[in-house]
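Spelled out, the chains give:
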Amino acid sequence: MRRTVAGLTLSAITVAALSGCVFVRPNMTSPTTVPTSGSLQVCDGVDFTVTGIGFYTLQGDCGVVTVTGDEITIKAENAEAIVVKGDRVTIEMGSLGRLDLQGNDNEVNADDIGGVNIAGDRNTVDAGTSTAVTIQGNDNVVDAKVTGEVVQSGERNLVGSR
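These numbers were taken from a predicted model, which means no experiment stands behind them. The residue numbering used here restarts from 1 in each chain and proceeds along that chain's sequence as written. Given that the model is predicted, a residue must reach a pLDDT of at least 70 before its local features are reported, and side-chain atom pairs must reach 80 or more before they are shown or counted; all residues, however, enter totals for whole chains, interfaces and linings. Hydrogens and water are ignored here; the side-chain numbers use all heavy atoms of the structure.

As a further point, take the state of the cysteines. Note on terminology: disulfide denotes any pair of cysteine sulfur atoms within 2.5 Å. Throughout the structure, instances matching the rule amount to 1 disulfide. Across the disulfide from Cys-43 sits Cys-62; the S-S distance is 1.8 Å. Placement of the pair is Cys-43 in the loop between β2 (40-42) and β3 (47-50) and Cys-62 in strand β4 (residues 54-68), with a sequence separation of 19 residues. Both residues of the pair, Cys-43 and Cys-62, count as buried. Numbering of helices and strands runs from the N terminus, with a helix taken as a DSSP run of H or I at least four residues long and a strand as a DSSP run of E at least two residues long. Throughout this description, buried means an accessible area under 20% of the type-specific maximum (1.4 Å probe, protein chains only), exposed means over 50%, and partly exposed covers the range between.

A few words on the environment of Arg-156. In this fold, Arg-156 is placed in the loop between β10 (150-153) and β11 (158-159). Here the alpha-carbon distance between Arg-156 and Asn-138, two residues 18 residues apart in the chain, equals 5.8 Å. Whether two residues are in contact is decided by their heavy atoms: any pair within 4.5 Å suffices. Excluding its chain neighbours within four sequence positions, the residues that come into contact with Arg-156 are Asn-138, Asp-139 and Asn-140. Throughout this description, a polar contact denotes any pair of N or O atoms lying within 3.5 Å of each other; where both atoms belong to protein, one of them has to be capable of donating a hydrogen while the other can accept it, and for residues adjacent in sequence the pair is counted only when both atoms sit in side chains. For Arg-156, the side chain forms a polar contact with the side chain of Asp-139, separated by 2.7 Å. At 3.3 Å, the side chain of Arg-156 and the side chain of Glu-155 are in polar contact.

Moving on, we get to the confidence of the model for the protein. Per-residue confidence for the protein gives a mean pLDDT of 83; residues scoring 70 or more make up 78%. You can read pLDDT as the predictor saying how much it trusts each residue, on a scale of 0 to 100. At the low end of the mean pLDDT range in the protein sits helix α1 (residues 2-22), at 42; at the high end sits strand β7 (residues 107-119), at 97. Scored below 50 in pLDDT, residues 4-30 makes 3 contacts in the model with residues more than four places away or belonging to other chains.

Turning our attention to the pattern of salt bridges. Whenever Lys or Arg places a side-chain nitrogen within 4 Å of a carboxyl oxygen from Asp or Glu, that contact is recorded as a salt bridge. Overall, the coordinates contain 5 salt bridges when judged by the stated rule. Between Arg-156 and Asp-139 there is a salt bridge whose closest N-O contact spans 2.7 Å. Highlighted residues: Arg-156 in the loop between β10 and β11 and Asp-139 in the loop between β8 (124-136) and β9 (141-146), separated in sequence by 17 residues. A residue is classified by how much of its surface remains accessible, and Asp-139, at 30% relative accessible area, is partly exposed. Glu-155 is paired through a salt bridge with Arg-156; the nearest N and O atoms lie 3.3 Å apart. What makes Glu-155 partly exposed here is its relative accessible area of 49%. A relative accessible area of 55% means that Arg-156 is categorised as exposed. Salt bridges here are not isolated pairs; linked through shared partners, they connect Asp-139, Glu-155 and Arg-156.

Structure, rendered in structure tokens:
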């Protein structure tokens with residue numbers, strides 16, 4: 001009987017210890033998905049990373065869309081934020097919480113953008129409104145009604161509604 005109790009106790013301790021090892025804390029952030037060019041992706045709050053040359057369609061309300069690469073075209077409905085780290089990226093979309101452009105010769109058309117941050121040259125942003133604009137670079141154009149602060153460093157940048 002003593003062996004059985006000792007065996008059960010050892011088994012209970014082992015199960016408790018292993019349970020602690022396999023406990024998975026739920027991810028409190030949205031997962032990141034990498035779509036394939038030419039495909040339609042439904043966002044549902046998911047973050048996306050786009051890395052290859054091609055055309056991408058994102059439907060619904062996206063989380064953060066990160067674009068790392070050149071010559072990429074994205075059509076999206078809405079996004080929390082878009083971060084572009086590349087050149088010659090074209091984006092067409094509805095509402096956007098924040099836009100971060102880190103590169104050259106990018107073009108973004110959106111209904112409204114919360115805030116615009118540009119670090120690069122010859123980027124064009126066309127939006128109905130934007131709450132704030134920060135530019136570090138040259139020859140950038142932000143065509144939008146800006147309701148907040150505009151900060152520029154560089155030359156030949158144009159900000160405001162045309």
